[in-house]
Amino acid sequence: LGESLSNIVAGLEQIATDRESRTGAALHEQVDVKLREDLRRFADARRTLTHLYGLQTYADIMSDFAAGERYVNRIWSASADGYIGEAETYLGKALAQFKEAVTRLEAAGGAAKTG
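No experiment lies behind these values; they were computed from the predicted model shown.

Thresholds, definitions, all that
- Residue numbers run consecutively from 1 along every chain, following the written order of its sequence.
- Only residues with pLDDT of 70 or above have their local features reported here, since the model is predicted, and side-chain atom pairs are shown and tallied only from 80 upward, although totals for entire chains, interfaces and linings are computed over all residues.
- Working from all heavy atoms in the structure, the side-chain values ignore hydrogens and water.
- The criterion is simple. A nonpolar core is a set of buried Ala, Val, Leu, Ile, Met, Phe, Trp, Tyr and Cys residues joined through side-chain atoms within 4.5 Å.
- Relative accessibility decides the category of a residue: with a 1.4 Å probe and only protein chains considered, values under 20% of the type maximum give buried, values over 50% give exposed, and everything between is partly exposed.
- The secondary structure listing takes helices from DSSP runs of H or I that are at least 4 residues long and strands from runs of E that are at least 2 residues long, numbered from the N terminus.
- Working rule for contacts: check all heavy atoms of both residues, and any pair within 4.5 Å makes them a contact.
- Axes here refer to lines fitted to C-alpha atoms; in helices the fit is confined to the stretch in contact. Angles between the N-to-C directions go from 0 to 180 degrees.
- Roughly parallel means an angle under 35 degrees; roughly antiparallel means over 145; roughly perpendicular covers 65 to 115; every other angle is labelled oblique.
- Left-handed describes a crossing whose near helix is turned anticlockwise from the far helix by less than a right angle; the clockwise case is right-handed.
- All amino acids are sorted into three groups, where Ala, Val, Leu, Ile, Met, Phe, Trp, Tyr, Cys and Pro are nonpolar, Asp, Glu, Lys and Arg are charged, and the leftover types, Gly among them, are polar.
- What a helix should span is 1.5 Å times the count of its residues minus one.
- Values of bend correspond, residue by residue, to the angle between axes fitted over the seven residues ending at that residue and the seven starting there.
- This arc describes the spread of directions from the helix axis toward the C-beta atoms.

1. A closer look at the nonpolar core
- Membership of the largest hydrophobic core comes to 26 residues, with the highest contact counts inside it found for L5, L12, L35, F65, V72, I75 and F98.
- Only helix 1 (2-17), helix 2 (24-45), helix 4 (55-80) and helix 5 (84-114) provide two or more residues apiece to this core.
- Counting residues per element, this core draws most heavily on helix 5, at 8 residues.
- If we skip the residues at most four places from it in the chain, L12 touches L35, V72, I75, L91, A94, L95 and F98.

Quick look at the structure:
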C-alpha cells in the first residue's frame with residue numbers, strides 16, 4: 001500500500017516537473033504509464049487498511065485516495081481534450097491528495113507500532 005502511494009506521488013511529481021510531457025497527448029500518456037498500475041494495485045489492496053488500522057483510518061486514507069484518483073482522471077480527460085491549463089490545475093490537486101494519503105498511512109503505521 002505504501003509503495004503504491006509513494007509511486008503515485010513520485011509519478012505525479014515527475015509529470016509536474018517534465019514540461020515536455022505536459023502537452024495534450026503526452027500528458028495523458030504519462031498518466032497511463034506512470035500512475036495506472038499503482039492506482040490499480042492500491043485499490044485492489046485497500047481492504048487491508050481496515051484489518052491493519054481500523055475503519056476510521058481506512059475511511060480517511062480512502063477519502064484522500066478517491067479524491068486524488070478523481071483528479072487524476074480529470075487530468076487525463078482535460079489533457080485528452082486539449083485543456084492543458086485545467087490539467088495542470090488538477091495535477092497539483094491530485095499531488096496534494098496523494099501526499100495527504102501517504103502522510104495518513106505513515107501516521108497509522110507509526111501508531112500501530114507504538115500501540
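Here the narrative resumes.
2. Overview of the packing of helix 2 against helix 4
- Taken N-terminus to C-terminus, the directions of helix 2 and helix 4 make an angle of 155 degrees; their axes are 9 Å apart at the nearest point. Classified by the interaxial angle, the pair formed by helix 2 and helix 4 is roughly antiparallel. You can see that helix 2 and helix 4 cross each other, and the crossing is left-handed. For the pair formed by helix 2 and helix 4, the contact residues are G24, A25, L27, H28, V31, D32, L35, R36, L39, F42 and A43 on the first element and I61, M62, F65, V72, N73, I75, W76, S79 and A80 on the second.
- Residue composition of the contact of helix 2 with helix 4, grouped by class: 14 nonpolar, 4 polar and 2 charged.

3. Observations concerning helix 2
- Its 22 residues place the ends of helix 2 31 Å apart at the C-alpha level, agreeing with the 32 Å of an ideal helix rising 1.5 Å per residue.
- At L35, helix 2 shows its maximal kink, close to 50 degrees.
- Of the positions making up helix 2, those classed as buried are G24, L27, H28, Q30, V31, L35, D38, L39, F42 and A43.

4. Focus: helix 1
- Taking 1.5 Å as the rise per residue, helix 1 with 16 residues should run 22 Å; its terminal C-alpha atoms sit 23 Å apart, in good agreement.
- Listed as buried for helix 1 are S4, L5, I8, V9, G11, L12 and I15. Here the buried residues of helix 1 occupy an arc of 160 degrees about the axis, which is enough to place them on one side. Opposite the packed face of helix 1, turned more than 90 degrees from it, sit the exposed residues E3 and T17.

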